[in-house]
Amino acid sequence: MSEPDPLVPVETAAQCGLKSCHHCGSVWEGAAEGEPCARCATKLHSRKPDTFNRTWAYLIAAALLYLPANMLPVMITKSLFGTQQDTILSGVIYFWVSGAYGLAALIFIASFLVPLFKLTALTLLTYLSQRGSDWRQQERARLYRILEVIGRWSMLDVFVVALLAGLVRIHGFAEITAGFGIAAFGAVVVLTMLASLSFDPRSTWDVRDAPAPEDSAEDDMKRSGETA
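So, about the packing of helix 3 (residues 101-131) against helix 4 (residues 137-150). Look at helix 3 against helix 4: their axes get within 11 Å of each other, and the N-to-C directions meet at 145 degrees. In the crossing of helix 3 with helix 4, the sense of the turn from one axis to the other is left-handed. For the pair helix 3 and helix 4, contact is made by V114, F117, K118, A121, L122, L125, L128 and S129 and by R140, L143, Y144, L147 and I150, respectively.

Moving on, we get to helix 1 (residues 51-71). Given a rise of 1.5 Å per residue, 21 residues ought to cover 30 Å, and the 31 Å separating the end C-alpha atoms of helix 1 matches this to within 8%. The sharpest bend along helix 1 reaches about 30 degrees and sits at L65, with the proline P68 one to four residues further on. Regarding helix 1, the residues found buried are T51, F52, T55, L59, A62, Y66, A69 and N70. Tucked into the core, helix 1 has its buried residues touching helix 2 (88-97), helix 3 and helix 6 (180-198).

A separate point is the packing of helix 3 against helix 6. Each pair of packed helices can be described by the angle between their axes along with the distance between the axes. Their axes nearest at 10 Å, the elements helix 3 and helix 6 cross at an angle of 35 degrees. Read as a crossing pair, helix 3 and helix 6 show a hand that is left-handed. In this structure, helix 3 contributes S111, P115, K118, L119 and L122 to the contact, and helix 6 contributes F185, V188, T192, M193, A195 and S196. A breakdown of the residues in the contact of helix 3 with helix 6 according to their chemical character gives seven nonpolar, three polar and one charged.

Our focus in this paragraph is the pattern of salt bridges. Note that side chains of opposite charge can pair when their charged atoms are close. Taken as a whole and judged by the stated rule, the model has two salt bridges. The salt bridge involving E139 is made with R136; its shortest N-O contact spans 3.8 Å. Classification of E139 as partly exposed rests on a relative accessible area of 37%. Note on R136: relative accessible area 47%, which makes it partly exposed. In this structure, R202 engages D200 in a salt bridge whose closest nitrogen and oxygen atoms are separated by 3.4 Å.

Scoring rules and cut-offs
- Here the residue index of a chain counts from 1 through its sequence in written order.
- Where totals are concerned, whole chains, interfaces and linings use all residues; where local detail is concerned, this predicted model gives features only for residues with pLDDT of at least 70, and gives and counts side-chain atom pairs only at 80 or more.
- The side-chain quantities take in all heavy atoms of the structure and omit both hydrogens and water.
- Lines fitted to C-alpha atoms define the axes, with helix axes restricted to the stretch in contact, and inter-axis angles between N-to-C directions lie between 0 and 180 degrees.
- Here a strand is any run of E in DSSP of at least two residues, a helix any run of H or I of at least four, and the numbering for each starts at the N terminus.
- Crossings are classed by handedness, with left-handed meaning an anticlockwise turn of the near helix from the far one by less than a right angle and right-handed meaning a clockwise turn.
- Contact criterion: two residues are considered in contact whenever any of their non-hydrogen atoms come within 4.5 Å of each other.
- An expected span of 1.5 Å times one less than the residue number is assigned to each helix.
- What is called the bend at a residue is the angle between a pair of axes, fitted to the seven residues leading up to and ending at it and to the seven starting from it.
- Per-residue accessibility, obtained with a 1.4 Å probe over protein chains only, is compared with the maximum for each type, and a residue is labelled buried under 20%, exposed over 50%, and partly exposed between these values.
- For this classification, the nonpolar set comprises Ala, Val, Leu, Ile, Met, Phe, Trp, Tyr, Cys and Pro, the charged set comprises Asp, Glu, Lys and Arg, and every other residue, Gly included, is treated as polar.
- A pairing counts as a salt bridge when a side-chain nitrogen of Lys or Arg comes within 4 Å of a carboxyl oxygen of Asp or Glu.

Function-wise, these values are silent; they only describe arrangement.
Have a look at this one:
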């Protein structure tokens, strides 16, 4: 079987009159924009409504909170020896100096690199899709799937602080409370998740000023006639 020519335009589902439900995944033929899905009653759209504005709003808010999430203390430890305030990076340094290299690397990747990677990748995907760029569309589609997989590990620090705050509470000796940094960090994680949900991955394939299949066929006929 011969492979399809990547230069030949392919009809999209929207051009064929097909609409898929964002909720249950059903595909309907001839459904009108905004018509409820016959299976789950969710409104059908060929693309997520206002996808770029929503995604940009969440991304900008997450970027503004990213700095305080890493600079403000996420955990405050009060004991007989005084009060200690730890940020995400100070905790990474502490575990690294203590010899817990694996734990330090895990916290650094999950709590620092993953949110930064999600912010950068979603910004790139949204910018290119809004421009209607055809640059590396398959790689961009794979990148979005990767973001969906790794996003669930971004809440590691929130889980650790919540666990320690519940377990380490010895009255008069030691007490662990969450700092303002953990609230900012949790907000960053939630906002990047909302940005990922607001972004429509199908917009990756919407190329601006792309020739329609009918136009391409007419051009081919003209060229063949001129050649003859």
